[in-house]
Amino acid sequence: MSGGPAVVMRLVASAFSVAEKAGSIVRTVLHSGELGIVEKTGANDLQTLADRLAQQSICASLSRSFPKITIIGEEELPAEEVTEDLIETGHSEEILQKTCPAEYSRLKEEELVVWVDPLDGTKEYTEGLLDNVTVLIGIAYGGRAVAGVINQPFYNYQLGSGAVLGRTMWGMPGLGAFGFQLQEVPGDRRIVTTTRSHSNKLVTDCVDAMEPHEVIRVGGAGNKIIQLVEGKASAYVFASPGCKKWDTCAPEAILHAVG
């Protein structure tokens, strides 16, 4: 497609709008009071109606606009028809106006893999720790994260009724990261963010070895990366198997985008 935006830029622009739609679904399910919780492997590994609907929305929406991409979502869902009200066909005009980094400008649709975590921080979602919740859409090429979109459905929820909820950040190495204010922890402070619900002796020993001034235990991989880029933590330490590529692809792209 000569003259128009590169495929990867069109995909990121769509993923931005699709993530906002998913964030809206996550809020709607919570406000309905019917979370539809099921345990996947145990009490710390939950799935809700919001996980299921958000993943259906993201995967079906992106597949419709980009039929040749590979999409891998966290939730194992039965193949079924997705209702039209879950489909998002919009895109961010602001992203389409950006100049694609040269190294990604010729990528083809079929070369791109999208990793989807429709609701990162599900356990926290069920417990009302809403600032821990994110929607993650990561884009990879050749096994590397090349772009990421993170939506925080409940951003600003502590401000009470009338607050405008939610924000979406995105980034691409070589282009930059947008939707938040990059800050760093003061140089004389070592603040470690780590898991809230999946700790063990190895994780604890590793965190202690950092001799941190402060440890922040919160849920969600996406949320912990936001702690880093907004200067609330200096390092995210989790010395344990557990994070999957749908957890890390979008955040990794944003981390690389900010250097």
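Check the entry above for the structure.
Below you will find a few notes about this structure. Since the model is a prediction, treat every value here as computed from it, not as a measurement. Counting from 1, residues in each chain are numbered in the order their sequence is written. Side-chain atom pairs in this predicted model are given and counted only at pLDDT of 80 or more, local residue features only at pLDDT of at least 70, and totals for whole chains, interfaces and linings cover all residues. Computation of side-chain values: all heavy atoms of the structure, hydrogens and water removed.

## Details of the overall build of the chain
Which entries qualify depends on this criterion: Helix numbering and strand numbering both begin at the N terminus, where a helix is a DSSP run of H or I of at least 4 residues and a strand a DSSP run of E of at least 2. Here the globule rule is a power law, 2.2 Å times the number of residues to the power 0.38, and the radius of gyration is based on C-alpha atoms. Exposure classes here rest on a 1.4 Å probe applied to the protein chains alone. A residue is buried below 20% of its type maximum, exposed above 50%, and partly exposed in between. Residue contacts are counted whenever heavy atoms from the two residues lie within 4.5 Å of one another. None of His or the chain ends enter the tally, which takes Lys and Arg as positive and Asp and Glu as negative. Charged side chains are reduced to one point each, which is NZ for Lys, CZ for Arg, CG for Asp and CD for Glu.
A tally of helices and strands in the chain yields 7 helices and 11 strands. Relative to the globule expectation of 18 Å for 259 residues, the C-alpha radius of gyration of the chain, 18 Å, shows essentially globular dimensions. Principal-axis analysis of the C-alpha atoms gives the chain an extent of 55 × 45 × 40 Å. Buried positions account for 49% of the 259 residues belonging to the chain. Taking contacts inside the chain between residues at least 6 apart in sequence as the whole, the part at least 24 apart equals 68%. One way to put it: in the chain the 22 positive side-chain charges average out to a point 3 Å from where the 33 negative ones average out.

## A short note on the nonpolar core
As a rule of thumb, soluble globular proteins bury nonpolar side chains together. Applied cut-off: Here, the term nonpolar core denotes a set of buried Ala, Val, Leu, Ile, Met, Phe, Trp, Tyr and Cys residues that are joined through side-chain atoms within 4.5 Å.
Ranked by size, the top nonpolar core spans 47 residues in total, and within it Val26, Tyr125, Ile137 and Ile139 carry the most contacts. Those elements that provide at least two residues to this core are α1 (7–32), α2 (49–65), α3 (93–96), β4 (112–120), β5 (134–141), β6 (144–152) and β7 (167–172). No other element matches α1, which puts 14 residues into this core. Ignoring sequence-local partners within four residues, the contact set of Tyr125 consists of Val26, Val29, Leu30, Leu35, Thr48, Ala50, Leu119, Leu130, Val133 and Phe154.

## Some details on the packing of aromatic side chains
Selection rule: Only the six-membered ring of Trp is used, alongside the rings of Phe and Tyr, when aromatic pairs are assigned; centres must lie within 6.5 Å, and planes under 30 degrees apart are stacked while those over 60 apart are edge-to-face, with the rest tilted. Charge-over-ring placement is defined geometrically: NZ (Lys) or CZ (Arg) within 6 Å of the ring centre, and within 35 degrees of the ring normal.
Enumeration over the complete set of coordinates arrives at 3 aromatic pairs. Relative to Phe154, the ring of Tyr125 has its centre 6.2 Å away and its plane inclined at 35°; by these criteria the two rings are tilted. Of the two residues, Tyr125 is situated in helix α4 (residues 122–127) and Phe154 in the loop between β6 and β7; the sequence distance between them amounts to 29 residues. For Tyr125, a relative accessible area of 1% puts it in the buried group. On the numbers, 4.6 Å between centres and 25° between planes, the contact of Trp170 with Phe178 is stacked. On the basis of relative accessibility, which here comes to 4%, the residue Trp170 falls in the buried class. Residue classification places Phe178 among the partly exposed positions, given a relative accessible area of 21%. Over the ring of Tyr155 we find Arg167, and its NZ or CZ is 3.9 Å from the ring centre.

## As for the environment of Cys59
Within the secondary structure, Cys59 is located in helix α2. Overall, Cys59 belongs to the buried group, its relative accessible area being 17%. Note: C-alpha distance between Cys59 and Ala221 (162 residues apart in sequence) is 20 Å.

## Some remarks on the sheet that holds strand β10 (residues 214–218)
Working definition: the strands of a sheet are paired by backbone hydrogen bonds and lie parallel or antiparallel to each other. Under the convention used in this document: Here the rule is simple: two strands pair whenever DSSP picks up at least two bridges between them.
The strand order across the open sheet built from 3 strands is β10-β9-β11, with neighbouring strands paired in parallel fashion. If you trace the sheet from one side to the other, it starts and ends with β10 and β11 (235–236), each paired once. Pairing of strand β9 (residues 191–195) with β10, which is carried by 5 bridges, proceeds in the parallel orientation. Counterpart to Ile191 in the pairing with β10 is Glu214.

## Overview of the side chain of Thr134
For Thr134, the position within the fold is in strand β5. The exposure class of Thr134 is buried, given its relative accessible area of 0%. What Thr134 contacts, discounting residues up to four positions off in sequence, is Asp117, Pro118, Leu119, Asp120, Ile150, Asn151, Gln152, Pro153, Gly222, Asn223 and Ile226.

## Some words on the sheet that holds strand β8 (residues 176–178)
Note the following rule: Structural elements are reduced to axes, namely lines fitted to C-alpha atoms, with helices fitted over the stretch in contact, and the angle between N-to-C directions of any two is expressed from 0 to 180 degrees.
Pairing is mixed in the open sheet, where 6 strands are placed in the order β3-β4-β5-β6-β7-β8. The open sheet has two edge strands, β3 (70–73) and β8, and neither has a second partner. The sheet shows a mean angle of 15° between the axes of neighbouring strands, taken without regard to direction. Bridge count between β3 and β4: 4 bridges; the pairing is parallel. Looking at β4, one finds that Thr70 is bridged to Val113. Across the face of the sheet, α2 comes into contact with β3, β4 and β5 while running at roughly 155° to β4.

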